[in-house]
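# Examining the three-dimensional arrangement
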Amino acid sequence: MKKVLFILGLFLLLVSCSIAEENTPVCIDGSCDAAFRIDTQVNPGSFQDSDGVWHIKYSGYSYFTVKGIADQLNSENIVNGTPLIETGFDSDFFFTPENLQWTYPVYSFLGLTSNNTLTTAIPYGFQTLTLPQILNNTSVTNVVGYEMTSHTSFDKPYSPTLLSVYSKYNYVPQRSMIFLQSFIGKEAKIHIRVVWGEAHSETKYYTLRVKFEN
C-alpha cells in the first residue's frame, strides 16, 4: 500500500511540475512581443508614413539597416546568461547580377519553401521562367542578403537555414540589407519571425513595408 501511495505521489508531483512549467510565461511580462524599424542614421531622411510604410532614402551606401527590440525571456529560457531567442529575416524582393528584379505577389517568411512560390512565373527577358529555371542561368539574391545558385535546395530539412538570415541570442536584433541605386522606385516587404524560447516557446511574425526612394 505504501508503495502504491509513493508511486501515486510521485506521479502527482510530476504532473504538477509539468503544469507549472506550461503555465510559466515565456517572457517576463507574460506576453512576448517585438518592434522593428529602419535605422534613419544609416539612411537620413527616411520615415514611416501614416499607413505604416517606411520610405527609405538612398544615402549613397549600398545597404539599409533594420533594427529591433524584443521582450526579455523568463529565466527558464536563459542558459548560462544566454537568452534562447532567434530572429529571422526574409523578403519578397529578389534580384540577379544582371539587375533583373522582382517581388512575389504572395509571400511570407520562408516563402521559398512553398511550391506555389517556386512555380510562379517571373518575366525574364522575352520569356517567363520559374525561380529554379532562372537559377540554371544565374545566381539570385534576396534583399536581406542570402544568395541562391543552381545548387540551392528548397525542400531539404536544412533549407530554411539557407533561405533566410538570422540574429540570435540577443534582444536587439538588427540586419543590414542590400539597397542598390537601381532599387529606387521599387517596393518590398521585409518578413520577420521571432522565436522566444525552445522547448516551451512563443513565435510571432512581423512585416515591414518599404519603398526605396532617392
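Above: the structure in question.
The present account deals with the structure reproduced in this document. Residue indices begin from 1 for each chain and proceed along its sequence in written order. In view of the model being predicted, local features appear only for residues whose pLDDT reaches at least 70, and side-chain atom pairs are presented and counted only at 80 or more, with totals across whole chains, interfaces and linings using the full set of residues. Processing note: side-chain calculations cover all non-hydrogen atoms of the structure and skip hydrogens and water entirely.

### With respect to the state of the cysteines
Rules: Sulfur atoms of two cysteines make up a disulfide when they are within 2.5 Å. Three exposure classes are used, based on accessible area relative to the maximum for each residue type with a 1.4 Å probe and protein chains only: buried under 20%, partly exposed in between, and exposed over 50%.
Within this structure, the stated rule accounts for one disulfide. The disulfide bridge from C27 ends at C32, spanning 2.0 Å between sulfur atoms. Across the S-S bond of C27 and C32 the torsion is about 110°, and the bridge reads as right-handed. Accessibility expressed as a relative area gives 0% for C27, which makes it buried. Residue class for C32 comes out buried when judged on its relative accessible area of 0%.

### Quick notes on the pattern of salt bridges
Condition: Salt bridge, as used here, is a side-chain nitrogen of Lys or Arg placed within 4 Å of a carboxyl oxygen of Asp or Glu. Only runs of H or I of at least four residues qualify as helices and only runs of E of at least two qualify as strands under DSSP, and these elements are numbered from the N terminus.
Tallying each qualifying case throughout the model produces five salt bridges. Two residues, K57 and E213, come together in a salt bridge whose shortest N-O distance is 2.8 Å. Separated by 156 residues along the polypeptide, K57 in strand β3 (residues 53–57) and E213 in strand β17 (residues 202–213) bring together distant segments of the chain. Linking K211 and E187 is a salt bridge whose minimum nitrogen-to-oxygen distance equals 3.7 Å.

### Some remarks on unusual backbone geometry
Residues apart from glycine generally show negative phi values, whereas peptide bonds are mostly found in trans. The phi dihedral of N80 is positive, around 50°, even though this residue is not glycine. Position of N80 among the secondary structure elements: in the loop between β5 (78–79) and β6 (82–83). Positive phi values are uncommon outside glycine, yet N99 reaches one of about 70°. Inspection of the secondary structure puts N99 in the loop between β8 (93–95) and β9 (101–103).

No statement about biological role is implied by the geometric values presented.
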